[in-house]
Amino acid sequence: MATSASSKLNKAVKQQYMDLPQGDKVQAMYIWIDGSGEGVRCKTRTLDSEPKTIEDLPEWNFDGSSTYQSEGSNSDMFLIPAAMFRDPFRKDPNKLVLCEVLKYNRKPAETNLRRTCKQVMSMVENNHPWFGMEQEYTLLGTDGHPFGWPSNGFPGPQGPYYCGVGADKAYGRDIVEAHYRACLYAGVQICGTNAEVMPAQWEFQVGPCEGINMGDHLWVARFILHRVCEDFGVVVSFDPKPISGNWNGAGCHTNFSTKEMREDGGLKVIEESIERLGKRHRYHIRAYDPKGGLDNARRLTGRHETSNIDEFSAGVANRGASIRIPRSVGQDKKGYFEDRRPSANCDPYIVTEALIRTCLLKEEGEEPTDYSK
């Protein structure tokens with residue numbers, strides 16, 4: 001099992017330094033999404049006092065030519081603080097700061113999808129849109145081999161691993177537990193976790209979050225998972241089909257409701273939304289992974305609890321459908337629905353924005369409407 005050299009350093013020695021008092025100073029770790037639309041980057045600055053609100057945090061900058069975000073000849077990019085969390089690695093009073101990225105001309109970077117998401121969310125805030133996202137992921141060694149799998153073969157077939165217990169069924173639970181507690185400490189709205197169908201595959205859920213908070217909390221939960229895995233010397237993959245063949249892929253099922261859907265008679269509103277989603281299937285597929293549907297094409301095959309990428313379907317309690325209505329929602333005639341199409345490496349800002357555009361703003365056609373004009 002290949003683990004990183006850094007994970008083998010003496011952590012007790014490091015702790016001697018981490019226990020030193022830091023005076024009145026505060027370390028703020030600025031986090032942003034890089035030019036891949038999937039990777040996160042971070043760097044730290046010292047503040048003279050503990051920030052209480054996002055307005056207390058200064059703008060910063062970085063070299064975009066080293067993050068796939070600009071050319072070397074004009075590489076300064078701006079970091080605009082957007083959301084603040086407690087730092088579970090350095091602990092209070094230190095902070096994690098999720099940032100938007102702006103180009104040299106103060107326009108959003110290509111992978112800054114938060115800006116338009118926030119604009120769209122502000123248009124429907126009276127509808128109180130709630131989201132819950134189920135983030136699946138796979139643990140890998142530094143050599144790219146799934147954590148705990150035999151070095152020159154495969155584990156037993158799928159069946160005993162989902163929500164499994166025992167050393168021969170649950171691979172890497174220490175990482176899962178550490179991540180869960182770190183998210184709770186940080187203030188991330190994590191609401192659950194479980195082992196998934198493929199060994200070394202896990203899932204955590206974030207929500208319910210309203211509006212723009214969904215994207216903020218999921219991105220910070222992903223960042224924390226990357227850092228926890230770094231400490232353990234392993235790698236987390238959000239690839240939607242990390243192992244080809246008869247193994248489950250990884251998705252990011254997105255649960256969605258509005259105030260109207262949650263009230264008596266809400267099932268009718270849910271059904272109307274699903275009808276609109278069915279007419280805009282291709283637009284959503286393009287939005288649901290960073291490569292415009294190419295990543296999801298490896299996962300959405302109609303097998304392994306997925307729908308076919310070329311067909312839209314919906315059903316009660318059907319895990320092979322594009323949209324699943326939970327059985328309890330069918331019985332209560334109100335609640336929420338689950339969009340099972342987003343891939344594990346999706347950007348939650350554009351996923352949640354797409355649902356709002358189609359279901360609440362009632363957009364039609366292949367392209368999103370531009371509301372900035």
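Please read these numbers as outputs of a predicted model, since none were measured by experiment.

## Some words on the overall build of the chain
Move 1: Counting secondary structure elements, the chain contains ten helices and 13 strands.
Move 2: Taking 2.2 N^0.38 as the reference for a compact globule, 373 residues should give roughly 21 Å; the C-alpha atoms of the chain span a radius of gyration of 21 Å, in line with that estimate.
Move 3: Expressed along its principal axes, the backbone C-alpha trace of the chain runs to roughly 60 × 55 × 40 Å.
Move 4: By the burial criterion, 50% of the 373 residues in the chain qualify as buried.
Move 5: Excluding contacts between residues fewer than 6 apart, the proportion of contacts in the chain whose partners are at least 24 apart in sequence is 67%.
Move 6: When the accessible surface of the chain is split by element, carbon and sulfur atoms take 49% of a total near 17200 Å².

## Considering the UniProt feature "domain: GS catalytic" (unreviewed entry) in the chain
Move 1: Within this numbering scheme, the UniProt entry marks residues 109-373 as carrying the feature "domain: GS catalytic" (unreviewed entry).
Move 2: Across residues 109-373 one finds 34% helix and 17% strand; the C-alpha atoms that close the span lie 19 Å apart.

## Things to note about the state of the cysteines
By definition, a disulfide links two cysteine residues through a covalent bond between their sulfur atoms.
Move 1: Within this structure, the stated rule accounts for zero disulfides.
Move 2: For C117, which is in no disulfide, the shortest distance to another cysteine sulfur is to C346 and amounts to 12 Å.
Move 3: Owing to a relative accessible area of 0%, C117 belongs among the buried residues under this scheme.
Move 4: With no disulfide of its own, C163 has C191 as its nearest cysteine by sulfur position, at a separation of 14 Å.

## Concerning the sheet that holds strand β1 (residues 26-33)
Move 1: An order of β2-β1-β5-β4-β3 is seen for the five strands of this open sheet, with the pairing classed as mixed. Both outer strands of the open sheet, β2 (40-47) and β3 (60-63), are each paired with one neighbouring strand and no more. Pairwise comparison of adjacent strand axes, ignoring direction, gives a mean angle of 40 degrees for this sheet.
Move 2: Relative to strand β5 (residues 95-102), strand β4 (residues 76-86) runs antiparallel, the two sharing eight bridges. In the sheet register, L79 faces β5, and the bridge partner there is V101.

## Examining empty space enclosed by the protein
Move 1: Taken as a whole and judged by the stated rule, the model has two cavities of 30 Å³ or more.
Move 2: Roughly 80 Å³ of volume is contained in the largest cavity.
Move 3: The dominant element in the lining of the largest cavity, judged by the number of residues it contributes, is β5, at four residues.
Move 4: Classifying every residue of the lining of the largest cavity gives seven nonpolar, three polar and two charged.
Move 5: Of the volumes computed, that of the second largest cavity is approximately 40 Å³.
Move 6: Taken together, Y161, K169, A170, Y171, A195, E196, M198, P199, A200, Q201 and W202 make up the full set of residues lining the second largest cavity.

## Comments concerning a nonpolar patch on the surface
Move 1: A cluster of nonpolar side chains, V13, Y17 and L20, forms an exposed patch at the surface whose accessible area comes to about 320 Å².
Move 2: Residue placement: Y17 occurs in helix α1 (residues 11-18).

## Some points on the layout of surface pockets
Move 1: In this structure, the largest pocket encloses a volume near 690 Å³.
Move 2: Considering the residues around the largest pocket, the lining is formed by 27 residues, among which K14, Q15, P88, F89 and K91 are closest to the centre.
Move 3: Of all elements in the fold, only α1, α3 (173-186) and α4 (213-232) reach the threshold of two or more residues within the lining of the largest pocket.
Move 4: Residues of the lining of the largest pocket, tallied by class, amount to twelve nonpolar, six polar and nine charged.
Move 5: Mapped onto the domain boundaries, the lining of the largest pocket takes at least three residues apiece from domain 1 (23-111) and domain 2 (121-360).
Move 6: Within this model, the second largest pocket holds a volume of roughly 560 Å³.
Move 7: Taken together, 27 residues make up the lining of the second largest pocket; nearest its centre are E110, L113, T116, I350 and E353.
Move 8: At the level of secondary structure, the elements contributing two or more residues to the lining of the second largest pocket comprise α2 (114-123), α7 (281-287) and α10 (348-359).
Move 9: Class assignment of the residues belonging to the lining of the second largest pocket gives a composition of ten nonpolar, nine polar and eight charged.
Move 10: Summarising the domain contributions, the lining of the second largest pocket has at least three residues from each of domain 1 (23-111) and domain 2 (121-360).

## Topic: the pairing of β3
Move 1: Every second residue of β3 is oriented toward a common face, the buried set being W60 and F62 and the non-buried set N61 and D63.
Move 2: Strand direction decides the pairing type here: β3 and β4, joined by four bridges, are antiparallel. Across the sheet, F62 pairs through a bridge with M77, a residue of β4.

Analysis parameters
Residues numbered from 1 in each chain as written. Predicted model: local features only at pLDDT ≥ 70, side-chain atom pairs only at ≥ 80, totals over all residues. Heavy atoms only, no water. Helix = DSSP H or I, 4+ residues; strand = E, 2+ residues; numbered from the N terminus. Rg over C-alpha atoms; globule rule 2.2 N^0.38 Å. Buried < 20%, exposed > 50% of the residue type's maximum accessible area, 1.4 Å probe, protein only. Contact = heavy atoms within 4.5 Å. Areas by Shrake-Rupley, 256 points an atom, 1.4 Å probe, with all protein chains shown as cover. UniProt positions renumbered as here; feature names shortened; annotations may be inferred. Disulfide = S-S within 2.5 Å. Pairing = 2+ DSSP bridges. Axes fitted to C-alpha atoms, helices over the stretch in contact; angles between N-to-C directions. 1 Å grid on protein atoms, 1.4 Å probe; cavity = no way out; pocket = protein on both sides within 12 Å on 5 of 7 lines; lining within 4 Å. Points joined across faces, edges and corners; volume = space filled by probe spheres on them. Nonpolar A, V, L, I, M, F, W, Y, C, P; charged D, E, K, R; others polar. Patch = residues over 30% accessible without salt bridge, like charges linked within 9 Å, V, L, I, M, F, W, Y side chains within 5 Å. Salt bridge = Lys/Arg side-chain N within 4 Å of Asp/Glu carboxyl O. Domains from an automatic or database assignment.

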